Structure formats: structure tokens, C-alpha cells
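# Inside the fold
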Amino acid sequence: MKRLLFFASAVLFATFLYSQERLLTMKIVYEVPIMQGKIASSATKDSIVYDYLVDKRFWWQTIDQVNALAKNKKLFFTTFKGDSIVYDSLMSSLTLALNKQYGKTHTPLEVQKIIEEQIRAIKFEEQWHYDESNMLIGKRVLAFNPVIIRDTIVFEQDELKIKPLFRYELGWVRPKGEILYKDTVVVARNIEFAIPIYNPQPYRWWDSHLEAEYSVPFLETLIDKAENGHIKVYEAPSSSEEFIKPEILKRKQFDVLETLVSTDQYGNVSERDTIIKSSYTSDNIDHFRFGEEWYFDKVNINFIKNTNYFAPMVSIFGKQGDFRGLYPLYYIRRR
């Protein structure tokens, strides 16, 4: 009898948890940089040095394992459609791309070294859900794709800048099975990045894109819960105090400079600039900023993600239409 009651309680608890979770997207693809480049100047030569946004040791341990499995045909990279890519074919394609870009022949040893040292970004294909109780987004990684990126230094607008010169996606890696926690490494305790959530390009709806039928209700519910005190929101991920309602409403407000044109009784036309108060809505939110914890399941080749915090963000433009930056309305965090 006790066992039966325990089973019934477990089923009810699982049903309750499931009822709190809502779908945000079945499929979204986006890229995350793993390193941040900066220019190091010296008397002889300017060069690019990279700061890691993840744990350097465990990142390369992860990539080395994936590479070794692919070499030994225990794992296959695939195209986005799911066609297998043989490792020898991958090496040949990458070699041809490098030779064409740099106008010289690359040896197999040089190409292998590039794979082992110059994967500086990773693409993810994911499903997203959110918890109705706190509106925090959860992610299930369906596949990942290591990206080789090689940068160069250019002189632009009277200053030195870093520009991408060459990129090559190795291919998609899909997990071998369900997540196993018995042999994992911590790739990142907190990696922060921002991504667009609406892709204006047709035919690739999944690429950095949330379906409006899910995203709009999610954002409207989030805004409503924040303003009515049903969830806690913060100015920054490290803030000690949550926002109160007047502060939340103030975050939504912005000024619009409008030119009013009027004509007097004599037909004289005059113009006068005036500032109009307005407020951001769910329609204005076009980016999310995430802070995430990443683990890697070495047995079944799974990336595991926990959302530490995220912020709905608005793109800010000047009067001439020039992009000024991204503005976080507030942060929702796990703890």
C-alpha cells in the first residue's frame, strides 16, 4: 500500500512539473563565440590574442574527444539534413577551402593542427521550454557544430580592427544517447552571449528565430508577471535587490524625438521638435542575453545547459537609423 501511494505521489509530482513547462520553440539554431579576440601591439608586429569565454582545458578536452571518435569512425559529423560526413572527406574539403583562401598548399599535419587549435565558435540546434513559475528558459541541445574561425587585422576608420577572414563548419554532431551524468566535465560555469530571436531572412525560419505564435505569448506573460510581482527581475545578474514595480515600468519608458509641422493662418509653415514619452512592448524585444552553465557528457556526447540568467533586450537606434546597442529591460535569474 505504501509503495502504491508513493508511486501515485510521484506521478502527480511529475504531472505538476510537466504542467509548469511550456514550449518556446521546437527548433532554433544559433552560434556562440568561445573566444574573444583582441589586438596585442608590439614594436615589431601587431597580433591577435584570444581570451577564452569557457574553461580552456575542458573545452579542448571536449573537442579532442569528438575529433578522436570521428577519426576512428565511432562518431560521424553530418550535414544539417543528416547525411554522414566521412572524416577523410572532411579533411579534404577543409584542405581545399584553406588552399583557396590563402593561395598555398596546406599539409595534412597543418590542417589537423587547425582543427585542434582554431575552433573558436560553436553552433547549437536546440529545443527551448520555459517554466511558467519563474519564466526561466530551459534548453535541450539536439546537436552541435564546431566552427573554425581565423581572423585578421585590418585598418578601418583610422583604427586597427579584427575581422573574420576564414570560417569552416566541421559538421553537426548528434548525441549517441540520452544524457548520462557519470562522466561529465564543466565546460563553462557562466558564459554570457546575446542572440537575435527573429530572423528576417526567408526559408531559414529556424536560424536564430523564435516562432511568433510561441514567443509573443511568452514575452507578454513575462512582462505581465514582472510588473505584477509574480516573478523577480533584476537590473543586473549580480544585483542584490530585485526591482519594484515603479522601477520596472521606468525601464520600459523611452523618449521619441518628433518634429511637429504646423501652418498658421497666413500660410507660414513652422517646425518644432518635441519629445514624446513611449514604452517598449513585446514587439520591441528582438534579442535575448543568456548567462549559462555548460557541461559535456563524455559518454553519450551531450552538451548539457543550465540557464543562470537571461534578459529580454531591445535594439536601440539613433535618429538617423544608426545602431547604438542593445538595452536589457531586466534580468531573470535562477538564483
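Residues numbered from 1 in each chain as written. Predicted model: local features only at pLDDT ≥ 70, side-chain atom pairs only at ≥ 80, totals over all residues. Heavy atoms only, no water.

## Brief notes about the packing of aromatic side chains
The description of two aromatic rings rests on the distance between their centres and on the angle between their planes. Scanning all chains against the criterion turns up 24 aromatic pairs. Plain terms: the ring middles of Phe193 and Phe290 are 5.9 Å apart, the flat faces sit at 35° to each other, and that makes the pair tilted. With a gap of 97 residues between them, Phe193 in strand E9 (residues 184-196) and Phe290 in strand E12 (residues 285-297) connect regions that are remote in the sequence. The class of Phe193 is buried, set by a relative accessible area of 6%. Relative accessible area serves as the criterion here: at 0%, Phe290 is assigned to the buried category. Above the ring of Phe290, the side-chain terminus of Lys139 is found at 3.5 Å from the ring centroid. Directly above the aromatic system of Tyr234 lies the positively charged group of Arg333, at a separation of 3.5 Å from the ring centroid. (Phe/Tyr/Trp six-rings, centres within 6.5 Å; stacked < 30°, edge-to-face > 60°. Helix = DSSP H or I, 4+ residues; strand = E, 2+ residues; numbered from the N terminus. Buried < 20%, exposed > 50% of the residue type's maximum accessible area, 1.4 Å probe, protein only. Lys NZ or Arg CZ within 6 Å of the ring centre and 35° of its normal.)

## Overview of helix H5 (residues 212-227)
With 16 residues, H5 should cover 22 Å at 1.5 Å per step; its first-to-last C-alpha distance of 22 Å lies within 8% of that length. For H5, the set of buried residues is Ser215, Phe218, Leu219, Leu222, Ile223, Lys225, Ala226 and Glu227. Positive backbone phi, approximately 75°, marks Gly229, located one or two places after H5. (Expected span 1.5 Å × (residues − 1).)

## A few points about the nonpolar core
Residues Trp59, Trp128, Phe218, Phe288, Trp294, Phe303 and Tyr330 are the most contacted members of the largest nonpolar core, which totals 69 residues. The dominant element in this core, judged by the number of residues it contributes, is helix H2 (residues 56-71), at 7 residues. With residues near it in sequence (within four places) discarded, Trp59 still touches Ile34, Tyr52, Val54, Ile119, Ile122, Val187 and Phe303. (Core = buried A, V, L, I, M, F, W, Y, C linked by side-chain atoms within 4.5 Å. Contact = heavy atoms within 4.5 Å.)

## Overview of helix H4 (residues 108-117)
What sets the pattern is the α-helix's 3.6 residues per turn: residues three or four places apart point alike. Those residues of H4 lying buried are Val111, Gln112, Ile114 and Ile115. Looking straight down H4, one finds that the buried residues subtend no more than 155° of arc, so they occupy a single side. Its buried side turned inward, H4 meets H2, helix H3 (87-102), strand E6 (119-131) and strand E7 (137-156). (Arc of directions from axis to C-beta.)

## Some words on the sheet that holds E7
Spatially, E1-E6-E7-E8 is the arrangement adopted by the 4 strands of the open sheet, whose pairing is antiparallel. Edge positions in the open sheet fall to strand E1 (21-33) and strand E8 (159-169), since each of these has one partner strand only. Looking at each pair of strands side by side, their axes are set apart by 30° on average, direction ignored. Inspection of the sheet shows E6 paired to E7 by 11 bridges, in the antiparallel sense. Within E7, the residue paired with Lys123 across the bridge is Asn145. Relative to E6, H2 is tilted by about 95°, and along the sheet it contacts E6 and E7. Contacting E6 and E7, H4 runs over the sheet at an angle of about 40° to E6. (Pairing = 2+ DSSP bridges. Axes fitted to C-alpha atoms, helices over the stretch in contact; angles between N-to-C directions.)

## Some thoughts on the packing of H5 against helix H6 (residues 245-252)
Direction vectors running N to C along H5 and H6 enclose 140°, while the axes themselves pass 9 Å from each other. With respect to H6, the axis of H5 lies oblique. Seen from H5, the contacting residues are Ile223, Ala226 and Glu227; seen from H6, they are Lys245, Ile248, Leu249 and Lys252. Counted by class, the contact of H5 with H6 contains 4 nonpolar, no polar and 3 charged residues. (Parallel < 35°, antiparallel > 145°, perpendicular 65-115°, else oblique. Nonpolar A, V, L, I, M, F, W, Y, C, P; charged D, E, K, R; others polar.)

## Some points on the pairing of strand E13 (residues 302-317)
Taken across its 16 residues, E13 has 13 buried, putting it largely inside the fold. For E12 and E13, the ladder comprises 12 bridges, and the chain directions are antiparallel. Bridged to Ile285 within E13 is Val314. The loop that links E12 with its antiparallel partner E13 comprises 4 residues; one of these, Ile301, has a positive phi angle of about 60°. By the bridge criterion, 2 bridges tie E13 to strand E15 (residues 332-333) in an arrangement that is antiparallel. Looking across to E15, one finds that Phe310 is bridged to Ile332. Across 5 bridges, E13 lies against strand E14 (residues 323-328) in antiparallel orientation. Each residue of the ladder has a partner; that of Val314, found in E14, is Tyr327.

## Here we look at the pattern of salt bridges
For the coordinates displayed, the defined rule picks out 17 salt bridges. A salt bridge links Glu169 to Lys123, with the shortest nitrogen-to-oxygen separation between them at 3.3 Å. Residue Glu169 is located in strand E8, and its partner Lys123 is located in strand E6; the two are separated by 46 residues in the primary sequence. Of the charged contacts, one joins Glu292 and Lys305 as a salt bridge, the two residues approaching to 3.6 Å between their closest N and O atoms. Remark: Lys305 occurs in strand E13 and Glu292 occurs in strand E12; sequence separation between them is 13 residues. (Salt bridge = Lys/Arg side-chain N within 4 Å of Asp/Glu carboxyl O.)

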